[in-house]
Amino acid sequence: MKTEQVISVDDFCVYHNVEYTFIDYLADAGLVKVTRVNKTKCIPLDEIQKLERMVRLHTQLEINEAGVATINNLLHKLEDMRQEMSALRSRLRLYEH
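Here we summarise the structure given alongside this text. All residue numbers refer to position in the chain's written sequence, counted from 1. It should be noted that, the model being predicted, local features are given only for residues of pLDDT at least 70 and side-chain atom pairs only at 80 or more, the latter also being counted only at that level, while totals for whole chains, interfaces and linings use all residues. The side-chain quantities take in all heavy atoms of the structure and omit both hydrogens and water.

### Examining the packing of helix H3 (residues 45-59) against helix H4 (residues 65-96)
Phase 1: The axes are straight lines fitted to the C-alpha atoms, using for helices just the contacting stretch, and the angles between their N-to-C directions are given from 0 to 180°. Secondary structure elements follow DSSP: runs of H or I of four or more residues count as helices, runs of E of two or more count as strands, with numbering from the N terminus. Where H3 meets H4, the closest approach of the two axes is 10 Å, and the angle between their N-to-C directions is 135 degrees. Classified by the interaxial angle, the pair formed by H3 and H4 is oblique. Relative to H4, H3 is oriented so that their crossing is right-handed. For the pair H3 and H4, contact is made by Arg53, Met54, Leu57 and His58 and by Glu65, Val68, Ile71, Asn72 and Leu75, respectively.
Phase 2: Note on residue classes: Ala, Val, Leu, Ile, Met, Phe, Trp, Tyr, Cys and Pro are nonpolar, Asp, Glu, Lys and Arg are charged, and everything else, Gly too, is polar. Taken together, the residues of the contact of H3 with H4 sort by class into five nonpolar, two polar and two charged. In this scheme, roughly parallel covers angles under 35 degrees and roughly antiparallel covers those over 145, while 65 to 115 is roughly perpendicular and the rest are oblique. By the definition used in this description, the sense in which the near helix is turned from the far one sets the handedness, with an anticlockwise turn below a right angle giving left-handed and a clockwise turn giving right-handed. Residues count as neighbours in contact if any of their non-hydrogen atoms are within 4.5 Å of one another.

Here it is, written out as structure tokens:
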């Protein structure tokens, strides 16, 4: 993976003022991907937006790691339901006309 496509976990934690253990927990729970580039833990750029949302839940709303994991799971289920409803509405329109 090219280094310009990742941000080091150290830089992310310093910038967002979060503990390294928080990122480790999220990675262990499978909520965020962490890769290694030259022995440095890094976060792919496509994971940053999702990770920042979880950091905001943790820091601004003071939700613990398990709560963040639960909320993330519920948000994924909600998005899946929205997509399914959209697909069902499209199919229903075919029968209405």
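Read on, since the account is not over.
### Examining the sheet that holds strand E2 (residues 35-37)
Backbone-to-backbone hydrogen bonds pair the strands of a sheet. The strands run either parallel or antiparallel.
Phase 1: Criterion used throughout: strands pair if DSSP finds at least two bridges between them. Judged by pairing direction, the sheet is antiparallel, and its three strands sit side by side in the order E1-E3-E2 without closing on themselves. At either margin of the open sheet sits one strand with a lone partner, and together these are strand E1 (6-8) and E2. Each strand axis lies, on average, 50 degrees off the axis of its neighbour in the sheet, ignoring direction.
Phase 2: One ladder, built from three bridges, connects E1 with strand E3 (residues 40-44); its direction is antiparallel. Counted as the bridge partner of Ile7 is Ile43 from E3.
Phase 3: Running at roughly 80 degrees to E3, H3 makes contact with E1 and E3 of the sheet.

### Focus: the nonpolar core
Burial of nonpolar side chains together is a common tendency in soluble globular proteins.
Phase 1: In plain words, nonpolar cores are sets of buried Ala, Val, Leu, Ile, Met, Phe, Trp, Tyr and Cys residues tied together by side-chain atoms within 4.5 Å. Relative accessibility decides the category of a residue: with a 1.4 Å probe and only protein chains considered, values under 20% of the type maximum give buried, values over 50% give exposed, and everything between is partly exposed. In this structure, Phe12, Ile23, Leu26, Ile43, Leu51 and Val68 are the most contacted members of the largest nonpolar core, which totals 18 residues.
Phase 2: For this core, the secondary structure elements donating two or more residues are helix H1 (9-16), helix H2 (20-28), H3 and H4.

### Some thoughts on H3
Phase 1: Here, expected helix span is obtained from the residue count minus one, scaled by 1.5 Å. The end-to-end C-alpha separation of H3 is 21 Å, in line with the 21 Å expected for 15 residues at 1.5 Å each.
Phase 2: Buried residues of H3: Glu47, Ile48, Leu51, Met54, Val55 and Leu57, and no others.
Phase 3: As for H3, its buried residues are in contact with E1, H1, H2, E3 and H4.

### Some remarks on the pairing of E3
Both faces of the sheet carry side chains from a regular strand, because those side chains alternate between them.
Phase 1: Note that E2 and E3 share three bridges and pair antiparallel. Across the sheet, Arg36 pairs through a bridge with Lys41, a residue of E3.

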